Amino acid sequence: MKTKRQIGAVLLTLSLVMFAEGCRKKGPAPPPPPAPAPRVQEQPKPKPVITSLTVDPSSIERGQSATLRWSSQNATSATIDNGIGSVDPNGSRQVSPSSTTTYKLTVTGEGGEATQSVTLRVTEPAPAAPPPPPTAPKATIRELVEQMIKDAYFDYDKSDIREDARNQLQQNADALKNILRQVSGTVVIEGHCDERGSAEYNLGLGDRRSTSARDFLVQLGVPADRLRVVSYGKERPQCTESNESCWQKNRRAHFVGVE
Amino acid sequence: MKKLSLLFVFMIAGAWLMHSQQRAADLIVDLMKGDRPSIAIPDFRGSGEAQKFMVIFNNTLQSEIENAGVFKMVPKSMMPRSNPQVPQDVKESARGTGMSLSDWSSPPVDTNYLAFGYTGIQNNQLVLFGWLYNVRQPANPQVIGKLYFGTVDDKGAQQIAREFAADILKLLGIEGLAGTKVYFVSNRSGEKQIWVMDHDGSNQRVFAPYRQLCTMPSVSPDGSKIAFTMFAPAPIIMMHSTEAGRKLPFLNPRASMNAQLTFTADGSKVVFVSQVGGFAQIHIANPDGSGLQRLSNTRAVEVEPKVNPKTGADIVFVSGRGGPQQIYRMNIDGADVQRLTPGEGQASNPAWHPNGKHIAFSWTRGFEPGNFNVFVMDVTTKDFVQLTHGRGRNENPTWAPDGRHLVFASNRTGQMQIYTMLADGTEVRQLTNSGRNEMPVWSK
């Protein structure tokens, strides 16, 4: 409580001070300039001299840069051509010309002017070394499909595409379009079932599953002529235990790339 | 009033239940064809060197007759002490020694039939002198009196025993199991392949050694052709001759799946599943695959067509058109579709009885999905009987040519194996025990 009151007091004081500051009157006007000095006898003016003009390094590859440095005496102004323009009589400047360039420094003083040039050589960059021949062979369609295409799962005794399978197949469609652009070969869509129905019925059901996965992918633009369906019924289970988690693993459309 | 009507409902339900149970029992009796006649088979003897093959001979003869399920076997302990070996032995003699027909026709033996005879070695051949007598007609008892020739070894002894058994079974108006084969699928050498064995499980050998997975065999009614499904990698139909084992031409339609071919009764057409129209549906074609016509037209899985072996006029098949897989029937032209199983559980694997009236099939009725039992159904009345009772899978039943036996696959011991049983569910025998064995087909 006490602290709050203290903070309040400080804030109040601060704002009063700022208010007072804002209202303070401007200072008195500056005094008039002094009268010009009386003209004196003209003496011979010293000629300006360029004491140095260097470029470091003197030779670059295109794309690199170099530093121009110069110094002079008795100069009041200086310019450098090639688009640099007026500069201090003593100074330096980074340059990065695309071809060999001669920079001319002109310094001007009361005693006249002086010029000096320096040349920056620009060489073609060495051609990049050709990329080393690939050591690993290009990934095969089998490897690509194995790495990038995941199974789509089904409900018991069903072949319609459920929500999670829809998402998976959408991802698969994008990846498959990519893969099929890169490599030749076809993709086999295998239909699998869990062990519970008869083997004969499951052969038909597996065909339905692989066919509905195929139709879904084709709708999303995967080329139909690169897809093949095969039903394995329940002949090739991925999991052989008799429980729902295992059965679910077996109710799937599985993808295999074939050269 | 309310109580009364409830009681009435219970009575009706009870009566209906008893009625349907009675009809189910009748179905089995029908299949077992009434009371079985009895047969006495005293041990046969061999003269001289032939005697050492008689253990295997007697065992084979005994089991061939017993397995046919046609006869009640007279226990050997009830037979007279003397074994007749030639007809003279039962012509006229003292009673009570076995040397008289009435010793066999009256208690305790009380048999209908008596098989007897002996073997010997002649001209480097094992020769059986075999007789079958109907002891209830003493004036003219002989039904069979015949010579059988085999090689002088165990195999020859088995062979003549089987031929004699087959004659006994045939002459009684019933084809026996002798000479019949069971085709099946086994993975014992790695990939699933088509195997074949004799009906009693002996002589198991690979039939078609392909490297790809082969499954779902079916055999033509005359036993001359076998079709199966091969993953190449998409399922295709393969056709072979059973005699030469060689491949026969079959034109698979351009489809992601062609499978499960079966033959019509006369072998003039084949019916199979093809995805050629976009959905796996049932098609009919010539035996070489030409002249393809579609029979079913749904957007459901339709598989396992089986043509009536007696009439050739109707097809049973499995469809998911109404939900879980059930068994349906239709005319051979695809018309008049009816569901046979009532819709509960999953039903599959229909197999016609040779009489064309009944089917055996597998069904999960009363169990969780995947737990099949073998049932038999009268296709006209839709009455059914359950033959196996247990968890696990009991599936792919097919009938023996005698119509009294079934072969089926079961994982009752953990691993899928092949079993036979009688049509009333009794006398279950395991035929295989190496690897995983399934999808048996009993053929001529």
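1. Quick notes on the overall build of chain B
And then number 1: Along the backbone of chain B there are four helices and 30 strands.
And then number 2: In chain B, buried positions account for 55% of the 444 residues.
And then number 3: Carbon and sulfur atoms make up 51% of the accessible area of chain B, which totals about 19,100 Å².

2. Considerations on the side chain of N172(A)
All names here are of chain A.
And then number 1: Within the secondary structure, N172 sits in helix α3 (residues 163-182).
And then number 2: Assessed through its relative accessible area of 1%, N172 is described here as buried.
And then number 3: Of note is the side chain of N172, whose polar atom sits 2.8 Å from the backbone oxygen of K150.
And then number 4: Look past the residues within four positions of N172 in its chain and what remains in contact with it is M148, I149, K150, L217 and F255.

3. So, the confidence of the model for chain B
And then number 1: Predicted confidence across chain B gives a mean pLDDT of 90, with 91% of residues reaching 70 or more.
And then number 2: On the interface metric, ipTM, the complex scores 0.74, and its pTM is 0.66.

4. Considerations on the interface of chain B and chain A
When the parts of a complex come together, some accessible area is lost, and that lost area is often taken as the interface size.
And then number 1: Contacts between the two partners involve 36 residues from chain B and, on the opposite side, 23 residues from chain A.
And then number 2: Note on chain B versus chain A: buried area summed over both sides is about 2,200 Å², and carbon and sulfur give 57% of it.
And then number 3: Summed over the shared surface of chain B and chain A, the number is two salt bridges.
And then number 4: Linking E191(B) and R236(A) is a salt bridge whose minimum nitrogen-to-oxygen distance equals 2.8 Å.
And then number 5: The tally of links between chain B and chain A comes to 12 residue pairs in polar contact (both at pLDDT 80 or more).
And then number 6: When contributions to the side of chain B that touches chain A are tallied by element, the ones reaching two or more residues are β10 (214-219), β11 (225-231), β14 (258-263), β18 (302-307), β19 (314-319) and β22 (347-352) of chain B.
And then number 7: Taken together, the residues that form the side of chain B that touches chain A break down as 17 nonpolar, 15 polar and four charged.

5. As for the nonpolar core
Residues and elements named next belong to chain B.
And then number 1: If you look at the biggest cluster of nonpolar residues, it comprises 45 residues, and the most contacted ones within it are F228, I359 and F361.
And then number 2: Once residues within four sequence positions are removed from consideration, F228 is found in contact with I194, A208, Y210, C214, T215, M216, P217, I236, I237, M238 and H240.
And then number 3: F57, V70, I160 and F164 belong to the second-largest nonpolar core, a separate cluster that totals 26 residues.

6. Quick look at empty space enclosed by the protein
Over the atoms rolls a probe the size of a water molecule, and its path tells where empty space is left.
And then number 1: For the structure shown, the criterion picks out one cavity of 30 Å³ or more.
And then number 2: Of the pockets and cavities examined, the largest cavity occupies roughly 60 Å³.
And then number 3: Along its surface, the largest cavity is lined by Y156(A), D157(A), C193(A), D194(A), G197(A), Y201(A), N202(A), L205(A), R209(A), R251(A), Q325(B) and Q346(B).
And then number 4: Tallied by class, the residues present in the lining of the largest cavity amount to four nonpolar, four polar and four charged.

7. Things to note about the state of the cysteines
Residues and elements named next belong to chain A.
And then number 1: All chains considered together, the criterion is met by one disulfide over all chains.
And then number 2: Residue pairing for C239: its cysteine sulfur links by disulfide to C246, the two sulfurs lying 2.0 Å apart. Across the S-S bond of C239 and C246 the torsion is about -130 degrees, and the bridge reads as left-handed.
And then number 3: The class of C246 is buried, set by a relative accessible area of 0%.

8. Details of the pattern of salt bridges
And then number 1: Evaluation of the coordinates by the stated rule reveals 25 salt bridges over all chains.
And then number 2: Among the charged side chains, a salt-bridge network with shared partners connects D194(A), R196(A), E244(A) and R251(A).

9. With respect to the side chain of S218(B)
All names here are of chain B.
And then number 1: For S218, the position within the fold is in strand β10.
And then number 2: Given a relative accessible area of 9%, S218 falls into the buried group.
And then number 3: A distance of 2.6 Å separates a polar side-chain atom of S218 from the backbone oxygen of L261.
And then number 4: Not counting residues up to four positions away in its chain, the partners in contact with S218 are K225, I226, A227, L261, T262, F263 and V441.

10. Quick notes on the sheet that holds strand β8 (residues 193-198) of chain B
What links the strands of a sheet is backbone hydrogen bonding, and the strands pair in either a parallel or an antiparallel sense.
All names here are of chain B.
And then number 1: Taken in spatial order, the four strands line up as β9-β8-β7-β30 in an open sheet, and their pairing is antiparallel. The strands lining the two open edges of the sheet, one partner per strand, are β9 (205-208) and β30 (437-443). Within this sheet the neighbouring strands show an average axis-to-axis angle of 35 degrees, counted without direction.
And then number 2: Pairing of strand β7 (residues 181-186) with β8, which is carried by six bridges, proceeds in the antiparallel orientation. Counted as the bridge partner of V185 is I194 from β8.

11. Here we look at the layout of surface pockets
And then number 1: For the second largest pocket, the calculated volume is near 620 Å³.
And then number 2: Across the lining of the second largest pocket, the residue classes tally to eight nonpolar, 10 polar and 11 charged.

12. Brief notes about the packing of helix α2 (residues 54-68) of chain B against helix α4 (residues 154-171) of chain B
Residues and elements named next belong to chain B.
And then number 1: One can describe the packing of α2 onto α4 by two numbers: an axis separation of 8 Å at closest approach and a directional angle of 30 degrees. Considering how the two elements wind past one another, α2 and α4 form a crossing that is right-handed. Between α2 and α4, the contacting residues are I56, F57, T60, L61, E64, I65 and A68 on the first element and D154, A157, Q158, I160, A161, R162, F164, A165, I168 and L169 on the second.
And then number 2: Each residue belonging to the contact of α2 with α4 can be placed in one class, and the counts come to 12 nonpolar, two polar and three charged.

13. Here's the deal with the packing of α3(A) against helix α4 (residues 199-219) of chain A
All names here are of chain A.
And then number 1: Interhelical geometry of α3 versus α4 gives an angle of 60 degrees and a closest axis separation of 9 Å. Here α4 runs oblique to α3, going by the angle between their axes. Crossing geometry of α3 relative to α4 is assigned as right-handed. The residues of α4 that touch α3, namely those facing R166, L169, Q170, N172, A173 and L176, are A213, F216 and L217.
And then number 2: Class assignment of the residues belonging to the contact of α3 with α4 gives a composition of six nonpolar, two polar and one charged.

Analysis parameters
Note on numbering: residues in each chain are counted from 1, in written sequence order. Here the convention is simple: chains get letters from A, ligands get numbers from 1, in the order in which they are written. Per-residue local features are limited, in this predicted model, to residues with pLDDT of at least 70; the limit for side-chain atom pairs, both in listing and counting, is 80 or more; totals at the level of whole chains, interfaces and linings are taken over all residues. Derived side-chain values reflect all non-hydrogen atoms in the structure, with water molecules and hydrogen atoms excluded from consideration. Per the convention used, a helix needs a DSSP run of H or I reaching at least four residues, while a strand needs a run of E reaching at least two, with both numbered from the N terminus. Accessible area is worked out with a 1.4 Å probe on protein chains only. A residue is then buried under 20% of its type maximum, exposed over 50%, and partly exposed in between. All accessibility values rest on the Shrake-Rupley procedure with a 1.4 Å probe; residue burial counts only the protein chains present in the view. N or O atoms closer than or at 3.5 Å make up a polar contact, with two conditions inside protein: a donor-capable atom paired with an acceptor-capable one, and, for residues adjacent in sequence, both atoms drawn from side chains. The criterion used for residue contact is that any of the two residues' heavy atoms lie within 4.5 Å. Residue-level confidence of the predictor, termed pLDDT, takes values from 0 up to 100. The term buried area denotes the loss of accessible surface (1.4 Å probe radius) that occurs when two parts are joined, taken as the sum for both partners. Here a salt bridge means any side-chain nitrogen of Lys or Arg lying within 4 Å of a carboxyl oxygen belonging to Asp or Glu. Note on residue classes: Ala, Val, Leu, Ile, Met, Phe, Trp, Tyr, Cys and Pro are nonpolar, Asp, Glu, Lys and Arg are charged, and everything else, Gly too, is polar. The set of buried Ala, Val, Leu, Ile, Met, Phe, Trp, Tyr and Cys residues whose side-chain atoms join them within 4.5 Å is what this entry labels a nonpolar core. In the cavity and pocket records, a cavity denotes points on a 1 Å grid over the protein atoms alone where a 1.4 Å probe fits but cannot get out, a pocket denotes an open set with protein on both sides within 12 Å along at least 5 of 7 lines, and lining residues are residues with an atom within 4 Å of a point. Grid points are joined across faces, edges and corners, and a volume is the space filled by probe spheres set on the points. Two cysteine sulfur atoms make up a disulfide if the distance between them is within 2.5 Å. In this analysis, strands are considered paired if DSSP registers two or more bridges between them. Fitted lines through C-alpha atoms give the axes, limited to the stretch in contact for helices. The angle between two N-to-C directions lies from 0 to 180 degrees. Should the near helix be turned anticlockwise from the far one by less than a right angle, the crossing is termed left-handed; should it be turned clockwise, right-handed. Oblique is the label for every angle not falling under 35 degrees (roughly parallel), over 145 degrees (roughly antiparallel), or within 65 to 115 degrees (roughly perpendicular).

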